[in-house]
Structure formats: structure tokens, C-alpha cells
Amino acid sequence: MTETSGPEVADSQAVLTIDLAALAANWRALAERVAPAECGAVVKADAYGIGIEAAAPALAKAGCRTFFVAHASEGRRVRAVVPHAVIYVLNGLLAASIPSLLAHDLRPVLGSLDDAALWAQAGAGRAWALHVDTGMNRLGVAPGDVASIADMGLVIDVLMTHFVSSEAADDKTNDAQIARFASVRTALPQARASLANSSALFLPQKPYGALVRPGYALYGGNPTPGTENPMQAVVRLEAQILQIRTVETGETVGYNAQWTARRRTRLATIGIGYADGLPRAAMGIDDRAGGEAMVAGVLCPFAGRVSMDLTMIDVTDVPKERLAGATAVLLGDGIKVDDLGRRSATIGYEILTRLGARYHRVYLG
Ligand SMILES: *Cc1c(COP(=O)(O)O)cnc(C)c1O
């Protein structure tokens, strides 16, 4: 089954194809890996850019029952498409959101003493989830404060923490956080433990607890950087070639003349730019290689600055007869989100969560 959204294909200049069967397969693979622990799914930030309304039902159909979002507004969107989902809101408790949380049966992950007091006052009785900070210093109560929250009369269902460097398997911080978490757990033996994001599912310590929270790996990102990606690609991004031109040796390309042709160069101008989420930092300039696009099976480097709506690529090495009707593949055909992230001085997470609104979107599966 195929569904589409966004601008009509005839009116758009790039197509984003989202493989929901691959998303479901990724969830199943992770669920098998951690069993008998429960595998949830993190669908914050519009399901890492691919779309909550498509991703959440596909994950539910694969067997996922528990979803994590960052904002109450995202939780409401999950509730609308997966009515029986268990939904946790990771970013803590904002007083103004309490009526909405209660009305839509969203479970705030309490992340401070203030959160806990507010929630106790709201008369909820159940804390659902408490985030304890074991080293991130971002959200979460100090380990020493957990007992006083239990004293507020709140029943804590899930006790959660988050890793600082889970993608670095030999980082000692992982052991320290696991030990700190274990010491807090003894005070709340009935609570279900939840520690692991995507990369933590691949740690030798297997810190799965009772409930895991993968996000990135579900969407095809590599949870084990530096080694082969065990996940299936979910996203394919393809831009149209708008023009082809030849520039002579010594001519420059794009804003501020940052790229100079070292040979007679055939250039393609493609209909995608930073307004579509292609990072401007992927620019290809004279002394630093940038992004790459696959055209008719040939990797073509970016030439010059990425502009708002347009990018130029060097297609000299593509046989001329294969250029007719070809598109430029930015993600897919062997180019992974992690590759584009690295070539843009960022991470694949940012590539996914910035996927633009002007793409014609095709959902497969
Ligand atoms: C975003 C997030 C996750 C998911 O992390 P990934 O690295 O994308 O798997 C899990 N837990 C918390 C608290 C998060 O904020």
C-alpha cells in the first residue's frame, strides 16, 4: 500500500520516500533483541521527521504498545492515530499542559521535584514515570531525591534514566551510570526500569531493564557508529535535476565563489536547498569536500555553497547519455543518513529531524 502527503509530485522538486515496512522490521529486530524486556518506540519530533501519523500506526501494527514523545502536543497526535497506546511525555511537566495530559491520558515523565509536587497536587496519584539523572545533567531528579518523591504518595511505575555516551561502547561513563541507577532502584523495587536508547541496546552490559526506548535506530540511523549499520534504511530522498551546464576550468560556482572548477566541469543544479533541511554545512568548497549525491550510479560531489532552494553538484563523471531523466539521490542508493550527517558536520539525527515540508512524501508499506 502506498500513500502520499505534502505537495503534489508535479509541483514539488524533491521526493521523500518513507519505507514503513523497513520501520516495522527495525522495531521487530530490536524487540527480539531485548526480549523479554518490552520495546517501546520514541516518536518525538514528528517521528524523527518521517511523520507521526504514519509512523505510530505502523509501529503499533508491528506490536509496539508504548510510545515516547517530547511534548504533550505530540502525545495528542499519537493518541489520535493509536487510541490504545501507552504514551509517555519525556520533557517533564509544564503546569499549563496538565489538563491536556489528563484529558488525553498522556503520562508525563516527571523530571524534577517541582514536577512531582505539581503532579501530586493535580491529584493524579500515580507518577507513571520518574526520570532520575545519573550524569547527563539535563532532565531528571538527583538520585538522593527519589525517596522523597515516593514520600509524596505517588506510585512510581517506571523509573527512567538516559545515557550520556551510549554510542561509545567502551566509555566508562556507561558503567558509572548503570551503577548509579542500580543504587536508586533498590529504593523502588516495584518500578520498571528503563535506561536504554537505540545505542544502549548494543552495549555489552545489555542495560535493557523492563522497557527500552529506541528512536534513531528505528528510522534507519546507525546505533553502532564506526561499525556496520545493523538497521534497514527507512528514508530515501531524491531531488530533481533542474539544469545541466558546463563550466570552464577556473570558473567558480555559487555564492561567494567558494568552489573553483579544476577541470572542464559538467554541473547539475538540483531543486533542494537548506530550506528543505539539506544542511548548508554540506557545501563543497575548494579546500573541504562536502555532501554527495548519487546520479545514475555515480557519486557526485556538491560544488559550492548550498543555497536556500538549490544545490549544484559535479556530474562530470556521469556518462552523458545516463544524465537524461536522472535524479540526484541525497539519501538512499548507499548514501546513509549518518553519511550525510558526517559530511555536514552534524549527526544523522539532525538530518532526519530537519526533513523539510516541501517534499512530496511517499509512504510505502
Ligand atoms: C530521544 C530519547 C531517546 C531515544 O534516543 P535514540 O538515541 O534516538 O534512540 C530515549 N530516551 C530519551 C530520554 C530521549 O530523550
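Everything discussed here concerns the structure shown above.
Okay, so let's go over this structure. Computed from a prediction, not measured in an experiment: that's the story for all the values here.

### Quick notes on the overall build of the chain
Then, number 1: If you tally the helices and strands in the chain, you get eleven helices and 20 strands.
Then, number 2: Against the globule reference of 21 Å for 365 residues, the chain gives a C-alpha radius of gyration of 23 Å, in line with a compact fold.
Then, number 3: For the chain, the C-alpha atoms occupy an extent of roughly 75 × 40 × 35 Å along the three principal directions.
Then, number 4: Within the chain, buried positions represent 52% of all 365 residues.
Then, number 5: Intrachain contacts of the chain at a sequence separation of at least 6 include 64% that bridge at least 24 residues.
Then, number 6: Within the chain, one finds 34 positive and 36 negative side-chain charges whose respective centroids are separated by 2 Å.

### Details of the site of the ligand
Then, number 1: Around the ligand, a shell composed of 13 residues is seen, among which Lys44, Tyr48, Ser198, Gly215 and Tyr349 lie nearest.
Then, number 2: Tyrosine 48 has a polar side-chain atom sitting 2.5 Å from an oxygen atom of the ligand.
Then, number 3: In isolation the ligand offers 380 Å² of accessible surface; the protein chains occlude 92% of this area.
Then, number 4: Taking a 2 Å distance to the grid points as the criterion, the majority of the atoms of the ligand fall inside the largest pocket.
Then, number 5: Grouping the amino acids of the shell around the ligand by side-chain chemistry returns six nonpolar, four polar and three charged.

### Digging into the nonpolar core
Then, number 1: Residues Leu23, Leu59, Phe67, Tyr219, Val295 and Ile313 are the most contacted members of the largest nonpolar core, which totals 111 residues.
Then, number 2: Sorting elements by how many residues they give to this core places helix H1 (residues 20-34) first, with eight residues.
Then, number 3: Split by domain, this core shows at least three residues from each of two domains, domain 1 (37-219) and domain 2 (235-364).
Then, number 4: Aside from chain neighbours lying at most four places away, what touches tyrosine 219 is Leu23, Val42, Val43, Ala47, Tyr48, Ile50, Leu59, Val234 and Leu352.
Then, number 5: Formed by seven residues, the second largest nonpolar core is a distinct cluster that contains Val253, Ala261, Ala303 and Met312.

### Here's the deal with the packing of helix H3 (residues 52-62) against helix H4 (residues 72-81)
Then, number 1: Taken N-terminus to C-terminus, the directions of H3 and H4 make an angle of 55°; their axes are 9 Å apart at the nearest point. Looking at the two axes, H3 sits oblique to H4. The way H3 lies across H4 gives a crossing that is right-handed. Listed contacts from H4 to Ile52, Glu53, Ala56 and Pro57 of H3 are Glu74, Arg77, Val78 and Val81.
Then, number 2: Class assignment for the residues of the contact of H3 with H4 results in five nonpolar, no polar and three charged.

### What about the pairing of strand S5 (residues 66-69)?
Then, number 1: By the alternation rule, side chains of S5 split into Thr66 and Phe68 and Phe67 and Val69, which are all buried.
Then, number 2: Two strands pair when backbone bridges link them, and strand S4 (residues 41-42) and S5 are joined in this way by two bridges, in the parallel orientation. Following the sheet pairing, valine 42 is matched in S5 by phenylalanine 68.
Then, number 3: Each parallel crossover has a hand, and the one from S5 via H4 to strand S6 (residues 86-89) is right-handed.

### Quick look at the pairing of strand S12 (residues 235-247)
One face of the sheet, then the other: side chains in a regular strand alternate in exactly this way.
Then, number 1: As paired elements, strand S2 (residues 14-19) and S12 share five bridges and run antiparallel to each other. Bridging across to S12, isoleucine 18 finds its partner in valine 235.
Then, number 2: As paired elements, S12 and strand S19 (residues 327-331) share four bridges and run antiparallel to each other. Looking across to S19, one finds that alanine 239 is bridged to alanine 328.
Then, number 3: Direction of pairing for S12 relative to strand S15 (residues 265-270): antiparallel, over a ladder of six bridges. Residue pairing in the sheet places isoleucine 241 in a bridge with isoleucine 270 of S15.

### Here we look at H3
Then, number 1: Of the positions making up H3, those classed as buried are Ile52, Ala54, Ala55, Ala56, Ala58, Leu59 and Ala62.
Then, number 2: Looking at the buried positions of H3, the neighbouring elements they touch are H1, S4, helix H2 (44-48), S5, H4 and strand S20 (360-364).
Then, number 3: Looking one or two places after H3, you find glycine 63, whose phi comes out positive at around 125°.

How each quantity is defined
Residues numbered from 1 in each chain as written. Predicted model: local features only at pLDDT ≥ 70, side-chain atom pairs only at ≥ 80, totals over all residues. Heavy atoms only, no water. Helix = DSSP H or I, 4+ residues; strand = E, 2+ residues; numbered from the N terminus. Rg over C-alpha atoms; globule rule 2.2 N^0.38 Å. Buried < 20%, exposed > 50% of the residue type's maximum accessible area, 1.4 Å probe, protein only. Contact = heavy atoms within 4.5 Å. Lys, Arg positive; Asp, Glu negative; His and termini not counted. Charge placed at Lys NZ, Arg CZ, Asp CG, Glu CD. Near = heavy atom within 4 Å. Polar contact = N/O pair within 3.5 Å; in protein donor to acceptor, adjacent residues only side chain to side chain. Areas by Shrake-Rupley, 256 points an atom, 1.4 Å probe, with all protein chains shown as cover. 1 Å grid on protein atoms, 1.4 Å probe; cavity = no way out; pocket = protein on both sides within 12 Å on 5 of 7 lines; lining within 4 Å. Sits in = over half its atoms within 2 Å of the grid points. Nonpolar A, V, L, I, M, F, W, Y, C, P; charged D, E, K, R; others polar. Core = buried A, V, L, I, M, F, W, Y, C linked by side-chain atoms within 4.5 Å. Domains from an automatic or database assignment. Axes fitted to C-alpha atoms, helices over the stretch in contact; angles between N-to-C directions. Parallel < 35°, antiparallel > 145°, perpendicular 65-115°, else oblique. Left-handed = near helix turned anticlockwise from the far one by under 90°. Pairing = 2+ DSSP bridges. Right-handed = clockwise from strand over helix to strand, strands pointing away.

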